[in-house]
Amino acid sequence: MVWTNYHCHCYLDDGDGKLQDYVEQALDRGFPALGFSCHAPLPFPCDWVLSEEGFSVYAKEVGALKERYASRLQIYLGLEVDYLRGLSGPAHPAIRARGLDYTIGSVHFLDDPASGAHNEIDGSPEGYARCLASSFGGDIRAMVREYYRLVREMAAQSPPEIIGHLDVIKKNNPGERYFSESEAWYREEVGRTLEAVAASGAILEVNTGGLARRKTDSVYPSPWILTESAALGIPTTISSDAHDPKQIAFHFDEAL
Ligand SMILES: [Zn+2]
Ligand SMILES: [Zn+2]
């Protein structure tokens, strides 16, 4: 099987390893192409994204690797961009001005309607529970619906080339602690979201990052969602959301 990976973090954001180490791993495994996708700088303080200074270093290093390995590996400069309602998204002019080859669009934050605080939903279980209690009055359906509404908004208004970990809202739902993926309301939300993704023309990633970090027991999105996505003809790519060069093709056979 010929693999590629367009979702890689590094020492400049919340990952480990040098960009060069990723290139070597990719060459060892016979990849024809590799994309880097560090977390884009955010318009508020956050310790797991690139700083503006970090972005300059990142773009320069990826540019140098592109040149050095031009005959052996296609290397792409990307960013994993948060969709933040009214603030930023993959198609925001400030992102488009960065000279990228592509973007991955992801939703990692749900804003508190009252305070405007940015709650991380794929961070700690405690943070997820706090968001649920303080911003959604304990109503898990309201919280999950808001998550998928944001993904649909991103697909329609600020579409990326690749939609990141479509159902990452399940990360802090181990053993279906808060909701069941077989419930009709959940299936309907996901179905509407897949329609928005199909209309956007974006590629849906099969992301093995949850498996790599033992946070989930299946890929993002869940296999039943991939069946529906295939029926809609949505193009798909497999990525590992690698935070370490050794994870570059982690669980790809299983994902396939
Ligand atoms: Zn992400
Ligand atoms: Zn990522």
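So, here is what we can say about the structure in this document. What you see is a predicted model, and the numbers here were worked out from it, not measured in a lab.

### A look at the coordination of the zinc ion (ligand 2)
Here comes step 1: Each protein donor to the zinc ion (ligand 2) is listed here as H7 (NE2), H9 (NE2), E80 (OE) and D241 (OD); together their distances run 2.1 to 2.3 Å.
Here comes step 2: Relative to the metal, the four donor atoms surrounding the zinc ion (ligand 2) lie at angles of 78 to 169°, and the coordination shape comes out irregular.
Here comes step 3: Sequence spacing among the residues donating to the zinc ion (ligand 2) works out to H-x1-H-x70-E-x160-D.
Here comes step 4: The distance between the zinc ion (ligand 2) and the zinc ion (ligand 1) comes to 3.5 Å, with E80 serving as a donor to both metals. Residue H7 is located in the segment before α1 (19–28), and its partner E80 is located in strand β2 (residues 74–82); the two are separated by 73 residues in the primary sequence. As far as the burial class goes, H7 and E80 line up, both buried.

### Some details on the sheet that holds strand β3 (residues 102–106)
Here comes step 1: With respect to topology, six strands assemble into an open sheet ordered β1-β2-β3-β6-β7-β8, the strand pairing being parallel. The open sheet has two edge strands, β1 (33–39) and β8 (236–239), and neither has a second partner.
Here comes step 2: Relative to β2, β1 runs parallel, the two being bridged by seven bridges. Paired with L34 across the two strands is I75, which belongs to β2.

### Some thoughts on the pattern of salt bridges
Here comes step 1: Enumeration according to the criterion identifies 11 salt bridges in this entry.
Here comes step 2: For K66, the salt bridge identified is with D101, shortest N-O distance 2.7 Å. Linking K66 in helix α2 (residues 52–68) with D101 in the loop between α3 (93–96) and β3, this pair joins segments that are 35 residues apart in sequence.
Here comes step 3: Accessibility expressed as a relative area gives 28% for K66, which makes it partly exposed.
Here comes step 4: Among the ionic pairs, E189 bridges to R192, the shortest N-O distance being 4.0 Å. Here E189 and its partner R192 are both found in helix α6 (residues 184–200), three residues apart, which amounts to about one turn of the helix.
Here comes step 5: Each of R85, E146, R149 and E153 takes part in one network of salt bridges that share partners.

### Some words on helix α8 (residues 223–231)
Here comes step 1: Where α8 is concerned, the buried positions are W224, I225, L226 and S229.
Here comes step 2: For α8, the elements touching its buried residues are α6, β7 (203–207) and β8.

Rules used in this analysis
Residues numbered from 1 in each chain as written. Chains lettered and ligands numbered in written order. Predicted model: local features only at pLDDT ≥ 70, side-chain atom pairs only at ≥ 80, totals over all residues. Heavy atoms only, no water. Donors = N, O, S within 2.8 Å, 3.2 Å for Na, K, Ca; no water. Tetrahedral: all angles 85-135°; square planar, octahedral: opposite > 155°, others 65-115°. Helix = DSSP H or I, 4+ residues; strand = E, 2+ residues; numbered from the N terminus. Buried < 20%, exposed > 50% of the residue type's maximum accessible area, 1.4 Å probe, protein only. Pairing = 2+ DSSP bridges. Salt bridge = Lys/Arg side-chain N within 4 Å of Asp/Glu carboxyl O. Contact = heavy atoms within 4.5 Å.

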